[in-house]
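Close look at the chain arrangement
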Amino acid sequence: NPKEYNGYKVYDRFGNQLDEKNAAVAEAYIRKADPFADSSADDGARESAEVKPIPKEIKKKYLQALDDNTPFPKEREAAAESLRRLRVCYTSLNGSGRPYVLETLKRLGMKDENILEVESQKLPDGNFTTCTSPNPEYAQAFSEALKVCDAETDVDEKPHLLLATDPDSDRLGVMCLNEEGAYVKLSGNQVGELLFDYICRCRFSEAGAADERKEQKSCVAFKSFVSSPLAEEIGRTYGVKVKN
C-alpha cells in the first residue's frame, strides 16, 4: 500500500484479527520498546521465535481451493466457453495481485493471447509512480490501462473488460466496453448486482422440479443497508428474499 497506509495487521493463532482487548496488549509492548535501541541483544530471542516465511506452496493450495470451491460446477464449462472469447486488460496497479489474478483467469478458461497487461504497472512499486492514487474505485486508476486499450486500433481486438486490483489485491475495479466503443466505469453496486443476478440465475437455471421451487422460496440473501435497493428487485425476480 502507499506508505501513508502502512502498518501491521496482526492475527491470532486461529487466523482472526486481534480484537480491541488483545490489540491493546500488543500496543502496550510496542510503546515500551525503544525504536532507537541497539537490537543486537535480541538476536537470541529472534532466533528462537517462531517467525517463518509463508511457504511457496501456499499459492498453489490457494488456487486449488478456488478450483475446489467453484459454486456452480455444471456452469463451469459454459462459462469457460464464454471466457475463451473474452478479451481483458488487467492491471495490478504496481501491487501484489498479478500472479494470482492472471493464473485464476487462465484456470477459468481465458486464453493467454486475450489477456492484455499494463506493462508500466506489472511490477510492484511502493512509490506508485504511475498512478496518483492506486485505488480501483476511482476512474483515474484506469488511466494507464485505457492507454493500452486505445492503442488497439482494431475495434474487434479491443478488450471487453478492464480489471484493476488495488495494491494488496482485496478490492476490484471494473470498466466495460459499451456499444458505442467507449469504456464505462462500473460502480461497486453495479458489479455486486451483476454478481448477484449471476448467482441467482445459475442456482435456479433448472428450477421447475418441486424440490428446487421449494429451495428457491427458502433462499435469503443479505446485503448492507447502504447497498443499492436494486438487489431487492433482482431477488424478487428469482423469488429470493433480500434482507438488509
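Scroll up for the structure.
Residues numbered from 1 in each chain as written. Predicted model: local features only at pLDDT ≥ 70, side-chain atom pairs only at ≥ 80, totals over all residues. Heavy atoms only, no water.

1. Observations regarding the pattern of salt bridges
Per the counting criterion, the structure on display carries 18 salt bridges. Put simply, K59 and E103 hold a salt bridge, and the shortest N to O gap is 3.4 Å. Residue K59 is found in helix 3 (residues 57-68), and its partner E103 is found in helix 5 (residues 98-107); the two are separated by 44 residues along the sequence. Under the relative-accessibility criterion, E103 is labelled partly exposed at 28%. Connected through salt bridges with shared partners, the residues K59, D67, R76, E103 and R107 form a single ionic network. (Salt bridge = Lys/Arg side-chain N within 4 Å of Asp/Glu carboxyl O. Helix = DSSP H or I, 4+ residues; strand = E, 2+ residues; numbered from the N terminus. Buried < 20%, exposed > 50% of the residue type's maximum accessible area, 1.4 Å probe, protein only.)

2. Quick notes on the environment of M110
Within the secondary structure layout, M110 lies in the loop between helix 5 and strand 2 (115-117). Separated by 38 residues in the primary sequence, M110 and V148 have C-alpha atoms spaced 19 Å apart.

3. A few points about the packing of helix 3 against helix 5
Where helix 3 contacts helix 5, the two axes come as close as 11 Å, and the packing angle between them is 40°. With respect to their mutual orientation, helix 3 and helix 5 come out oblique. Considering only the axes of helix 3 and helix 5, their crossing is right-handed. Along the contact surface, helix 3 presents K59, Y62, L63, Q64, L66 and D67, while helix 5 presents P99, Y100, E103, T104 and R107. Classifying every residue of the contact of helix 3 with helix 5 gives 5 nonpolar, 2 polar and 4 charged. (Axes fitted to C-alpha atoms, helices over the stretch in contact; angles between N-to-C directions. Parallel < 35°, antiparallel > 145°, perpendicular 65-115°, else oblique. Left-handed = near helix turned anticlockwise from the far one by under 90°. Contact = heavy atoms within 4.5 Å. Nonpolar A, V, L, I, M, F, W, Y, C, P; charged D, E, K, R; others polar.)

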